[in-house]
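Listed below are the residues making up each chain.
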Amino acid sequence: MTNRDIIVIGGSSGATGPLKDILGRLPADLAAAVFVVLHIPAQGIGILSTVVNASARMPVVQAKNGMVIENGHIYLAAPDHHLLLLESHMMLGRGPRENMVRPAIDPLFRSAALHYGPRVIGVVLSGLLSDGAAGLTAIKQCGGVALVQDPADAIANEMPLRALESTTVDLCVPGARIGDVLSDLVREEPGTRLPVPPEIRLEVEIAAGERIGSDSLAKIADPAPLTCPSCGGVLSALKMENPLRFRCQVGHGFTADVLAREQEGRVDEALRVALRIIEERAELVHRMAEDGRHSGRTAVAQMYDARAAEYREYADMVRRVVLHSLDPQAPKPES
């Protein structure tokens, strides 16, 4: 190919607006194919299709397994499937969720980098957390071009910021300008094809649903004393530098910020369960003290009163910790 003809776009919260601007500025005869992954629920794909069709000059279709890639078309990821690019066609992968979502942005970006190298232009739009950062890094490693929506222009700036932190981005521009920039970049000749790091190929295979064993995982990751929030398996830290990521033997993948968010929810749940158990224990011991008084066992009643008071102190302490976990900016509870 004599031009960059593969455009992959990923976004989440706040990405619909800039996506409309981008597609509205792309010409109908664009010499490239456009692939879009947005974090939306399965029932939201109809709304996304309507929005994209209303703003784009090119045909818009939902990706299907085995569908041939054609220039001048926009392909939307299907619900609950990773959208993967192969040589000349698409594949819908049922591999494990990545960053708790499927479709995820990173698998699309990696598969594009693997098979199309310098012909790829990757775009990360507004969104929460960091999906897209690792995939954009893969595109750069394989000689492609990386664009990021200006974080100051994004409704949710976390995804653009994480992408900027993870790799050397070629352009960082407001969403309204990205369409014109893409139109110019598509006309340029692709650069030199670079060797594909083996971990990119392995992670594309995981997204496709291929079995991952401990031997394969050991080639790209080191075991970590952490538990997968999706399946309870042991996580391994990937050896790639940025962003910090983890995978389990099943294949579930997490960036560090997504893993931290999932752990925070589990810690809060565990604290609430502990609070309920301690309060129930305090109530039971209080009733045992009352029973002792009614039966004339004064010493036993006093002992249970002391225990009830002790349990209530524990409950108050756990309650303060729970409140602090909901508001990290609040003063730390006293030990």
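Residues numbered from 1 in each chain as written. Predicted model: local features only at pLDDT ≥ 70, side-chain atom pairs only at ≥ 80, totals over all residues. Heavy atoms only, no water.

Asker: Describe the overall build of the protein chain, and please don't skip the residues or the numbers.
Answerer: Looking only at helices and strands, the protein chain features 10 helices and 13 strands. Relative to the compact-globule value of 20 Å for 335 residues, the protein chain shows a C-alpha radius of gyration of 26 Å, a clear excess of over 25%. Along the three orthogonal principal directions, the C-alpha set of the protein chain runs to about 95 × 45 × 30 Å. Across the 335 residues of the protein chain, 49% fall into the buried class. For the protein chain, the proportion of contacts with a sequence separation of at least 24, taken over those separated by at least 6, is 66%. With the model as given, the accessible surface of the protein chain reaches about 15800 Å², and the carbon-plus-sulfur share is 53%. Averaging the positions of the 34 positive and the 41 negative side-chain charges in the protein chain gives two centres separated by 3 Å. (Helix = DSSP H or I, 4+ residues; strand = E, 2+ residues; numbered from the N terminus. Rg over C-alpha atoms; globule rule 2.2 N^0.38 Å. Buried < 20%, exposed > 50% of the residue type's maximum accessible area, 1.4 Å probe, protein only. Contact = heavy atoms within 4.5 Å. Areas by Shrake-Rupley, 256 points an atom, 1.4 Å probe, with all protein chains shown as cover. Lys, Arg positive; Asp, Glu negative; His and termini not counted. Charge placed at Lys NZ, Arg CZ, Asp CG, Glu CD.)

Asker: A description of the packing of aromatic side chains should follow, citing residues and the corresponding values.
Answerer: Counted by the stated rule, this structure contains 2 aromatic pairs. Seen in terms of ring centroids, Y311 and Y314 are 6.5 Å apart; in terms of plane orientation they differ by 65 degrees. Their pairing is edge-to-face. With a gap of 3 residues between them, Y311 and Y314 both fall in helix α10 (residues 298-326), about one helical turn apart. (Phe/Tyr/Trp six-rings, centres within 6.5 Å; stacked < 30°, edge-to-face > 60°.)

Asker: Before we move on, can you summarise unusual backbone geometry with the specific residues and values?
Answerer: Cis geometry marks the peptide bond from R102 to P103, where omega comes out at 10 degrees. Mapped onto the elements of the fold, P103 is located in the loop between β6 (90-93) and α3 (105-116). Phi at N99 takes a positive value of approximately 55 degrees, unusual for a residue other than glycine. With respect to the helices, strands and loops of the structure, N99 is situated in the loop between β6 and α3. The buried category is assigned to N99, whose relative accessible area is 8%.

Asker: Account for the packing of helix α4 (residues 133-141) against helix α5 (residues 158-166), naming residues and giving values.
Answerer: Following both chains from N to C, one finds α4 and α5 inclined at 40 degrees, their axes separated by 8 Å at the closest point. Classed by the angle they form, the pair α4 and α5 counts as oblique. By crossing handedness, the relation of α4 to α5 is classed as right-handed. In this structure, α4 uses A133, L136 and T137 to contact α5, whose residues at the interface are R162, A163 and S166. In the contact of α4 with α5, the residues fall into 3 nonpolar, 2 polar and 1 charged. (Axes fitted to C-alpha atoms, helices over the stretch in contact; angles between N-to-C directions. Parallel < 35°, antiparallel > 145°, perpendicular 65-115°, else oblique. Left-handed = near helix turned anticlockwise from the far one by under 90°. Nonpolar A, V, L, I, M, F, W, Y, C, P; charged D, E, K, R; others polar.)

Asker: Explain the packing of α3 against α4 residue by residue, including any values.
Answerer: Two quantities define a packed helix pair, namely the angle between the axes and the distance from one axis to the other. It is at 7 Å that the axes of α3 and α4 come closest, and there the two elements cross at 10 degrees. One way to sum up the angle between α3 and α4 is to call them roughly parallel. Across from D106, F109, R110 and A113 in α3, the residues of α4 making contact are A133, A134, G135, L136, A138 and I139. Residues of the contact of α3 with α4, tallied by class, amount to 7 nonpolar, 1 polar and 2 charged.

Asker: Could you give an account of empty space enclosed by the protein, naming the residues involved and the relevant values?
Answerer: With the rule as written, the count across this model stands at 1 cavity of 30 Å³ or more. Put simply, the largest cavity is a space of about 90 Å³. Elements represented by at least two residues in the lining of the largest cavity include exactly α4 and α7 (198-208). Among the elements that take part in the lining of the largest cavity, α4 stands out by supplying 4 residues, more than any other. Here the residues of the lining of the largest cavity sort into 4 nonpolar, 3 polar and 4 charged. (1 Å grid on protein atoms, 1.4 Å probe; cavity = no way out; pocket = protein on both sides within 12 Å on 5 of 7 lines; lining within 4 Å. Points joined across faces, edges and corners; volume = space filled by probe spheres on them.)

Asker: Can you explain the environment of A28? Please cite residues and give values.
Answerer: As for its placement among the helices and strands, A28 is situated in the loop between α1 (16-25) and β2 (33-38). Sequence separation of A28 and Q263 is 235 residues, and the distance between their C-alpha atoms is 46 Å. Not counting the four nearest positions on each side in its chain, A28 is found in contact with R57 and M58.

Asker: Got a sec to walk through the pairing of strand β10 (residues 221-227)? Specific residues and values, please.
Answerer: Every regular strand shows the same layout, with side chains that alternate between the two sheet faces. The sheet contact formed by β10 and strand β11 (residues 234-238) spans 4 bridges and is antiparallel. When the bridges of β11 are listed, D222 appears paired with A237. A loop of 6 residues connects β10 with β11, the two strands running antiparallel in sequence, and G232 in this loop sits at a positive phi of about 85 degrees. (Pairing = 2+ DSSP bridges.)

Asker: Lay out the nonpolar core in plain terms, naming residues and giving numbers.
Answerer: Ranked by internal contacts, the top residues of the largest apolar core, which has 34 residues, are V8, F35, L83, L85 and L136. The element contributing the most residues to this core is α3, with 7 residues. Residues in contact with V8, not counting those within four places in the same chain, are F35, L85, L108, F109, A112, V120, I121, G122, V123 and I139. Of all hydrophobic cores here, the second largest spans 31 residues; its members include V34, V52, V145 and L185. (Core = buried A, V, L, I, M, F, W, Y, C linked by side-chain atoms within 4.5 Å.)

Asker: So what's going on with the pattern of salt bridges? Residues and values would help.
Answerer: Taken as a whole, this structure holds 24 salt bridges when the rule is applied. When the shortest N-O distance is used, the salt bridge between R287 and E283 registers 2.8 Å. Placement of the pair is R287 and E283 together in helix α9 (residues 256-294), with a separation of 4 residues, close to one helical turn. Here the salt bridges share partners, and the residues they tie into one network are E98, R110, E203, R245 and R247. (Salt bridge = Lys/Arg side-chain N within 4 Å of Asp/Glu carboxyl O.)

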